[in-house]
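Structure assessment
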Amino acid sequence: GKEGYSNVPATEEEKSIAAQAMEFEADIKSALKELGSATTKDAYKAALKNLKDIIKRARDFVQSVSPKMLSDKFGGILEKAEQLSTKLDKTLAKLAEKGKDTSSIKPLIDTFNQKIAESKKSFESAKSKYASGMKEESKSDMRKAYNLLKEAHEALKQIHQTFKNEKIDVSSTKGEDAAVST
């Protein structure tokens, strides 16, 4: 195996998947070696069939675990986006309390929040459809959820730019009596 991966599998399920992937890799290397050392036509055919069988099993395995892993990762991203949404709402409220004009930033935060909520709704729908065996419909909902998340990210970039343009120091909203810099 290769050393130095920064995203080391954390859960037992991920470790099991990684172990299975390494086993497929070893089987494929062994089958390729067998194929390369075949001296007769029959030995070559047998080695080739073996290699094809291993690749098919590996492909089936990947297709069986990919949706769940993608779902888990996307769910984690959505969770972080929801946490950010809460932080943005709190920041907006603190800025308003301090008398800062938030009219330019509030619609952007509202858009961000709306896109996150819509993305979550599509994601939940995709998971439900996938569990019901409606795989194509599930893919469509996942694409929609992903695109909505991208739109939320664009809104977030605009929020950040607006904070910078208006010289709003968001770190100042963390303390109780911090001042907004202008």
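Residues numbered from 1 in each chain as written. Predicted model: local features only at pLDDT ≥ 70, side-chain atom pairs only at ≥ 80, totals over all residues. Heavy atoms only, no water.

What the protein contains, in helices and strands, is 4 helices and 0 strands. In sequence order, the secondary structure elements of the protein are arranged as α-α-α-α. Across the protein, contacts joining residues at least 24 apart in sequence account for 66% of those joining residues at least 6 apart. Accessible surface computed for the protein: about 12600 Å², of which carbon and sulfur atoms make up 54%. (Helix = DSSP H or I, 4+ residues; strand = E, 2+ residues; numbered from the N terminus. Contact = heavy atoms within 4.5 Å. Areas by Shrake-Rupley, 256 points an atom, 1.4 Å probe, with all protein chains shown as cover.)

Bringing the nonpolar core into the picture now. Formed by 19 residues in total, the largest nonpolar core has its most connected members in Phe112, Ile116, Ile159 and Phe163. For this core, the secondary-structure elements that each account for two or more residues are α2 (41-97), α3 (106-131) and α4 (135-165). Each residue touching phenylalanine 112, except ones within four places of it in the same chain, is listed here: Ala81, Leu84, Ser85, Leu88, Ala152, Ala155, Leu156 and Ile159. With 10 residues, the next largest nonpolar core counts Ile17, Phe24, Ala47 and Val65 among its residues. (Core = buried A, V, L, I, M, F, W, Y, C linked by side-chain atoms within 4.5 Å. Buried < 20%, exposed > 50% of the residue type's maximum accessible area, 1.4 Å probe, protein only.)

On to the pattern of salt bridges, then. Inspection of the entire model under this criterion finds 9 salt bridges. Between lysine 120 and glutamate 82 there is a salt bridge, with its nearest N and O atoms 3.2 Å apart. Highlighted residues: lysine 120 in helix α3 and glutamate 82 in helix α2, separated in sequence by 38 residues. Glutamate 151 is the salt-bridge partner of lysine 115, the closest N and O atoms lying 2.7 Å from each other. Placement of the pair is lysine 115 in helix α3 and glutamate 151 in helix α4, with a sequence separation of 36 residues. (Salt bridge = Lys/Arg side-chain N within 4 Å of Asp/Glu carboxyl O.)

Further remarks concern the packing of α3 against α4. Direction vectors running N to C along α3 and α4 enclose 165°, while the axes themselves pass 8 Å from each other. Classed by the angle they form, the pair α3 and α4 counts as roughly antiparallel. Along this stretch, α3 crosses α4, giving a crossing that reads as left-handed. Class assignment for the residues of the contact of α3 with α4 results in 15 nonpolar, 7 polar and 8 charged. (Axes fitted to C-alpha atoms, helices over the stretch in contact; angles between N-to-C directions. Parallel < 35°, antiparallel > 145°, perpendicular 65-115°, else oblique. Left-handed = near helix turned anticlockwise from the far one by under 90°. Nonpolar A, V, L, I, M, F, W, Y, C, P; charged D, E, K, R; others polar.)

This paragraph deals with the packing of aromatic side chains. Under the definition given, this model contains 2 aromatic pairs. When the ring of phenylalanine 74 is compared with that of phenylalanine 123, the centres are 5.1 Å apart and the planes differ by 45°; the resulting orientation is tilted. One end of the pair, phenylalanine 74, is in helix α2; the other, phenylalanine 123, is in helix α3, and 49 residues separate them in sequence. Here phenylalanine 74 and phenylalanine 123 have matching classes, each one buried. Sitting above the plane of the tyrosine 130 ring, lysine 135 keeps its charged end 4.5 Å from the centroid. (Phe/Tyr/Trp six-rings, centres within 6.5 Å; stacked < 30°, edge-to-face > 60°. Lys NZ or Arg CZ within 6 Å of the ring centre and 35° of its normal.)

Our next topic: the side chain of serine 122. Locating serine 122 in the fold gives a position in helix α3. We classify serine 122 as buried; its relative accessible area is 8%.

Across the protein, the average pLDDT comes to 81, with 86% of residues at 70 or higher. Within the protein, helix α1 (residues 12-36) has the poorest average pLDDT of any element, 83, and α3 the best, 92. Contacts of residues 1-6 to residues separated by more than four positions or lying in other chains number 0 contacts, the stretch itself having pLDDT below 50. (pLDDT = per-residue confidence, 0-100.)

In a regular helix each residue adds 1.5 Å, so 25 residues correspond to 36 Å; α1 covers 36 Å between its end C-alpha atoms and thus fits that length. Turning to α1, its buried residues are Ile17, Phe24, Ala31 and Leu35. (Expected span 1.5 Å × (residues − 1).)

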